[in-house]
Amino acid sequence: MQKTEYTRPVTIAYVGGGSLNWATKLMGDLAQDGTVPATVRLYDLDHAAAERNARIGTRYAARSETGAPVTYTAERTLEAALRGADIVIISILPGSFEDMANDIAIPERYGIRQSVGDTVGPGGFIRAMRAIPMIAEIGRAIANHCPEAYVCNLTNPMSVLTGTLYAVFPQIRAWGSCHEVIKTRKIMAYLANRQAGEVLYGYRNAKVNVLGINHFTFVDRAAVGGIDMMPAFLDFAREHHATGWRESPLDPANEHDRYFTDSFRVKFDLSLRFGIAAAAGDRHLVEFLPQSWYLDDHAAWKFGLTPVEFRMRERQEKVDYADALDKGAELPPARASDEAIVEQIKALMGGPEHVSNVNLPNRGQLAGFAEGTIVETNARFSALGIQPIVAGRLPKGLELLARPHADRQNALVASVLSEDVDALLPLFVSDPLFAALPQHKATRLFREMVTATQHRLPESLARAGGAA
């Protein structure tokens with residue numbers, strides 16, 4: 001087990017603590033690291049799920065006899081979870097999978113395809129309308145109960161919701177954490193190992209300069225072992241542009257991989273178009289672009305459209321697995337995940353400094369984007385706080401594609417928080433996925449989607465549905 005001199009106890013409030021994904025990753029990472037004495041308070045609207053996770057977390061903690069002590073509790077109120085916390089983690093589902101199914105299915109009836117539907121496009125927009133009021137409530141509670149806490153947002157749409165936290169509590173010390181860039185760091189390490197003729201590097205050895213907005217991120221500089229890897233990456237993209245590439249063959253029986261992994265074809269195509277490495281997953285990148293570029297021929301571009309029906313089945317499998325762990329089934333080995341949250345927490349609490357790509361308000365780290373816009377670049381985590389690292393500027397063509405999305409996200413946050421219902425439809429139809437849809441159909445689509453989710457909206461926003 002890794003040991004360091006880090007010993008400062010930390011209190012973590014986990015909002016969405018019944019999570020079947022991120023919460024259990026945190027448990028495993030804390031157990032594997034073994035150096036962070038922590039009290040983890042789990043809060044969830046589903047209190048039984050938080051109680052179950054507290055019991056599972058306690059089992060993880062008990063398995064380590066020499067690691068730092070970690071305790072888990074399930075709290076009944078948001079206030080109890082937040083009071084005096086050092087760190088707040090937010091991973092909530094804005095609505096339900098049934099709501100997500102509508103986010104995908106209704107636009108599909110109008111001819112609009114979405115591969116994820118959680119960030120931009122019609123699905124991302126309506127999800128944001130549901131989520132912004134929820135996150136605003138959490139942000140105000142943080143201001144009241146733990147204003148000095150560092151806050152990690154894991155919930156999508158990440159740019160919009162991290163921006164919401166800053167809009168309701170400007171002094172908040174929050175960042176949005178996304179693991180998509182790891183895909184590009186892994187391929188940089190793979191190429192470095194191929195050049196060396198042996199396995200010398202993992203993705204954590206790949207240093208990359210990240211710039212963009214969440215899920216539409218790019219890398220213009222990359223080094224592994226002190227060697228510039230961008231020429232090798234662009235050569236590799238040219239070599240595999242027509243067919244794509246996977247380090248290991250896709251298992252047709254693995255349904256999760258069919259929907260959630262890609263073959264880099266979109267990344268390679270965008271990289272060769274603009275001269276820098278596209279860094280997010282293909283299924284996220286494509287939703288920022290006109291549908292005719294990739295979504296209309298997604299099978300040829302070798303990425304999947306993730307069915308919500310699969311998400312529902314997978315969720316039930318995770319519930320069943322969590323229930324089995326709660327009843328005493330053997331815990332999986334405590335292996336470090338790809339997430340950086342424990343490293344970030346340790347750095348903020350006085351441990352070793354850590355650099356990773358995160359979403360923060362623009363304070364000059366990304367040229368060409370408005371001040372305060374949530375952008376994704378590298379940042380340094382230390383006892384001094386979270387300091388964004390100047391990334392530079394996207395190539396002009398990419399900036400012209402990304403900046404309208406960022407401006408739309410800013411306007412969406414402002415419109416929802418101010419209950420400016422009249423501004424929502426013009427923002428909705430300005431997304432490039434609507435390029436081929438006549439105005440009257442786009443208007444009808446918006447009203448139908450708002451009506452379908454109005455049970456999740458404040459009354460002021462529900463009025464935007466009008467007559468569907």
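Residues numbered from 1 in each chain as written. Predicted model: local features only at pLDDT ≥ 70, side-chain atom pairs only at ≥ 80, totals over all residues. Heavy atoms only, no water.

> Whenever I open this one, the side chain of Gln365 confuses me. Can you help?
Mapping Gln365 onto the fold places it in the loop between strand S11 (354-361) and strand S12 (374-382). From its side chain, Gln365 meets the backbone nitrogen of Arg363 in a polar contact 2.6 Å long. Among all residues touching Gln365, those that are not within four sequence positions of it are Leu360, Val375, Thr377, Pro388, Ile389, Val390, Ala391 and Gly392. (Helix = DSSP H or I, 4+ residues; strand = E, 2+ residues; numbered from the N terminus. Polar contact = N/O pair within 3.5 Å; in protein donor to acceptor, adjacent residues only side chain to side chain. Contact = heavy atoms within 4.5 Å.)

> Sorry, what's going on with the state of the cysteines here?
Here is the idea: a disulfide is a covalent bond, and it sits between the sulfur atoms of two cysteines. In the structure shown here, the tally under the stated rule is zero disulfides. No disulfide involves Cys146; its nearest neighbouring cysteine sulfur is the one of Cys152, lying 14 Å away. Cys152 carries a free sulfur, and the closest cysteine sulfur to it, the one in Cys178, is 11 Å from it. (Disulfide = S-S within 2.5 Å.)

> For this particular structure, what's the right way to read the pattern of salt bridges?
Oppositely charged side chains may form a pair once their charged atoms are brought near each other. Summed over the entire model, instances satisfying the criterion amount to 26 salt bridges. Note that Lys346 is salt-bridged to Asp33, the shortest N-O span being 2.9 Å. Of this pair, Lys346 sits in helix H13 (residues 341-348) while Asp33 sits in helix H1 (residues 22-33), placing them 313 residues apart in sequence. No difference in accessibility class separates Lys346 from Asp33, as the two residues are buried. The closest approach of N and O atoms between Asp220 and Arg221, which form a salt bridge, is 3.9 Å. Using a relative accessible area of 24% as the deciding quantity, one classes Asp220 as partly exposed. Residues participating in the shared-partner salt-bridge network are Arg393, Lys396, Glu399 and Arg403. (Salt bridge = Lys/Arg side-chain N within 4 Å of Asp/Glu carboxyl O. Buried < 20%, exposed > 50% of the residue type's maximum accessible area, 1.4 Å probe, protein only.)

> Honestly, the side chain of Glu180 in this entry has me stumped. Any pointers?
The topology assignment puts Glu180 in the loop between strand S6 (173-177) and helix H7 (182-196). Sequence-distant contacts of Glu180, defined by excluding residues within four places in its chain, comprise His215, Ala279, Ala280, Gly281 and His284.

> Any chance you could explain unusual backbone geometry here in plain terms?
With glycine set apart, most residues show a phi of negative sign, and most peptide bonds adopt trans. Residue Pro157 is bonded to the preceding Asn156 through a cis peptide linkage, with omega at 5°. Here Pro157 is to be found in the loop between strand S5 (150-153) and helix H6 (158-168). With phi around 70°, His215 is a residue other than glycine that occupies positive phi space. Relative to the helices and strands, His215 is located in the loop between strand S7 (206-213) and strand S8 (216-224). At Lys302, a residue that is not glycine, the phi angle is positive and equals roughly 65°. Position of Lys302 relative to the elements: it lies in the loop between helix H11 (282-285) and helix H12 (308-326). Residue class for Lys302 comes out partly exposed when judged on its relative accessible area of 39%.

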